[in-house]
Amino acid sequence: MKAEIIRRRHHFAEKMLTNSIAIFFSAPEQTRSNDTHYPYRQNSNFWYLTLFNEPESALVLIKNKSEQVTTILFNRQKDVMAEVWTGYRLGQAQAITQLAIDQAFIFDEIAQKLPELVAGKQAIYHADQQYQYADNIIQQVISVVRKSSKYNYQAPDMMIDWRPALHEMRLFKSATEIVMMKQAGKISALGHIDAMKSCRAGLFEYQLEAVILHTFAMHGARWPAYNSIVGSGNNACILHYENNSAQLKDGDLVLIDAGCEYENYAGDISRTFPVNGKFSPAQREIYDLVLSVQYYAIENLVAGNTIKAVNEQVIKIMVKGLIKLGILQGDVDQLIEEKAYLQFYMHGLGHWLGLDVHDVGNGPIPSRERVLEPGMVLTVEPGLYIDKEANVPSQYRGIGIRIEDNILITSQGNQILTQDVPKDPDEIEALMIKK
């Protein structure tokens with residue numbers, strides 16, 4: 001991985017102006033309550049360039065007038081007493097070796113060291129308004145350079161946001177990243193399989209969540225990539241339901257949207273299955289419609305196409321199916337023009353996936369209009385959500401279904417990274433048969 005981060009830094013440096021400096025700050029620790037913190041999770045951009053998981057850190061890339069690139073890390077000083085209380089710190093000497101850094105300095109000295117690095121540069125790359133502490137440091141440094149006769153140089157003429165360039169890099173996954181994402185998909189799939197096997201009426205939603213998290217951890221993924229959704233009955237119609245507190249009832253469906261984080265890369269899977277292991281006829285009709293749409297979407301989300309174009313066809317298939325079931329009435333084109341489907345299908349078809357579960361990649365061209373290219377990874381997650389109060393035939397009320405997989409765009413089409421967990425309804429029922 002050391003060669004990978006060196007390649008990434010030099011790739012970014014190629015996009016920098018000559019005689020410029022780029023500064024990337026780590027995520028701050030987040031207080032949970034009083035003097036306790038949430039588990040630390042590094043900023044994805046900083047991780048992408050460093051693979052370093054400590055707070056109070058900053059990476060500096062300098063591209064001089066001769067086009068040479070220097071990498072500098074500011075990080076926490078080794079401190080025996082602090083390490084007794086809060087854990088190991090890498091320190092400066094080890095950072096140079098382990099992280100392939102040219103120089104390393106103590107983070108507490110950043111305000112004193114940065115002015116001499118910034119002075120005389122024509123541009124500074126900084127992600128403004130990402131972290132207040134980072135903005136304060138940059139503002140202080142620029143002010144010092146402007147006011148001090150010590151440096152005999154002007155401050156940079158330009159401040160450039162590094163996010164567009166770095167996010168474009170992150171949109172295309174390397175071979176190393178694809179290996180990580182395949183493993184995230186495999187572990188995420190195992191969690192869903194175990195939830196299906198463990199499901200029964202009388203359990204609580206959070207107990208299925210516990211099964212999933214246990215499986216993740218037992219296979220090397222300590223954390224979920226996002227708060228798991230376990231919604232049974234009408235709770236499945238709440239898109240970002242996270243209470244996970246209701247008791248599972250015989251005859252209901254349960255929708256699980258959960259994925260692990262493996263080496264900081266996210267998996268993101270949704271499956272919907274019957275609590276008692278057997279779909280009712282009405283549940284099966286809605287499920288088959290969503291599944292047919294997902295199959296269509298996966299077949300057509302290939303290089304040269306766009307999410308928007310595929311989603312337009314998905315909506316048409318959805319509307320035709322809803323008319324056939326008597327859930328919608330009227331002309332297909334008119335219903336689409338009136339967006340009558342939004343009460344049942346109100347979200348997009350998918351999103352980018354990577355170091356973040358809703359990954360970067362929304363540049364000048366919105367993600368849904370971006371032409372797909374090999375190396376991109378995205379989710380495919382059509383759904384139908386029919387609230388218990390909806391004005392539809394009674395047998396369909398309270399049914400919420402989402403089926404989601406992760407795909408890698410390739411030169412030959414795409415590859416499903418999450419295919420290990422079943423979604424065919426017959427396979428789900430067979431898996432859930434209690435021995």
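In what follows, the structure referred to is the one given above.
Residues numbered from 1 in each chain as written. Predicted model: local features only at pLDDT ≥ 70, side-chain atom pairs only at ≥ 80, totals over all residues. Heavy atoms only, no water.

1. A short note on the sheet that holds strand S13 (residues 265-266)
The strands that make up a sheet pair up through hydrogen bonds in the backbone, lying either parallel or antiparallel.
Phase 1 of the analysis: Judged by pairing direction, the sheet is antiparallel, and its three strands sit side by side in the order S9-S12-S13 without closing on themselves. Each edge of the sheet is formed by a strand with only one pairing partner; in this case those strands are strand S9 (223-224) and S13.
Phase 2 of the analysis: Bridge count between S9 and strand S12 (residues 260-262): two bridges; the pairing is antiparallel. Among the inter-strand pairings, Pro224 is bridged to a residue of S12, identified as Cys260.
Phase 3 of the analysis: Together, S12 and S13 form the strand contacts of helix H8 (residues 175-198), whose direction differs from that of S12 by roughly 150°. (Pairing = 2+ DSSP bridges. Helix = DSSP H or I, 4+ residues; strand = E, 2+ residues; numbered from the N terminus. Contact = heavy atoms within 4.5 Å. Axes fitted to C-alpha atoms, helices over the stretch in contact; angles between N-to-C directions.)

2. Things to note about the sheet that holds strand S8 (residues 158-160)
Phase 1 of the analysis: Strand order in the open sheet formed by six strands is S6-S5-S4-S1-S7-S8, with mixed pairing between adjacent strands. This sheet does not close on itself; its edge strands, each paired only once, are strand S6 (103-106) and S8. Averaged over all neighbouring strand pairs, the angle between strand axes comes to 20°, with direction disregarded.
Phase 2 of the analysis: Sheet topology places strand S4 (residues 58-63) next to strand S5 (residues 69-75); six bridges connect them, and they run antiparallel. Residue Leu61 lies in a different strand from S5, and its bridge partner there is Thr71.
Phase 3 of the analysis: Packing of helix H1 (residues 2-15) onto the sheet brings it into contact with strand S1 (20-25), S4, S5 and strand S7 (123-125), and relative to S4 it is tilted by some 50°.
Phase 4 of the analysis: Along the sheet face, helix H6 (residues 132-147) touches S1, S7 and S8 and points at about 150° away from the line of S1.

3. Observations regarding the pattern of salt bridges
Phase 1 of the analysis: Applying the stated criterion across every chain yields a total of 22 salt bridges.
Phase 2 of the analysis: A salt bridge links Arg170 to Asp356; the shortest N-O distance between them is 3.0 Å. One end of the pair, Arg170, is in helix H7 (residues 163-171); the other, Asp356, is in the loop between helix H12 (332-337) and strand S15 (377-380), with 186 residues separating them in the sequence.
Phase 3 of the analysis: A relative accessible area of 25% places Asp356 in the partly exposed class.
Phase 4 of the analysis: The partner of Asp257 in a salt bridge is Arg402, with the nearest N and O atoms 3.1 Å apart. Here Asp257 is found in strand S11 (residues 253-258), whereas its partner Arg402 is found in strand S17 (residues 399-402), with 145 residues between them in sequence. The pair Asp257 / Arg402 is uniform in exposure class, with both members buried.
Phase 5 of the analysis: Each of Glu4, Arg7, Arg8 and Glu177 takes part in a single network of salt bridges with overlapping partners. (Salt bridge = Lys/Arg side-chain N within 4 Å of Asp/Glu carboxyl O. Buried < 20%, exposed > 50% of the residue type's maximum accessible area, 1.4 Å probe, protein only.)

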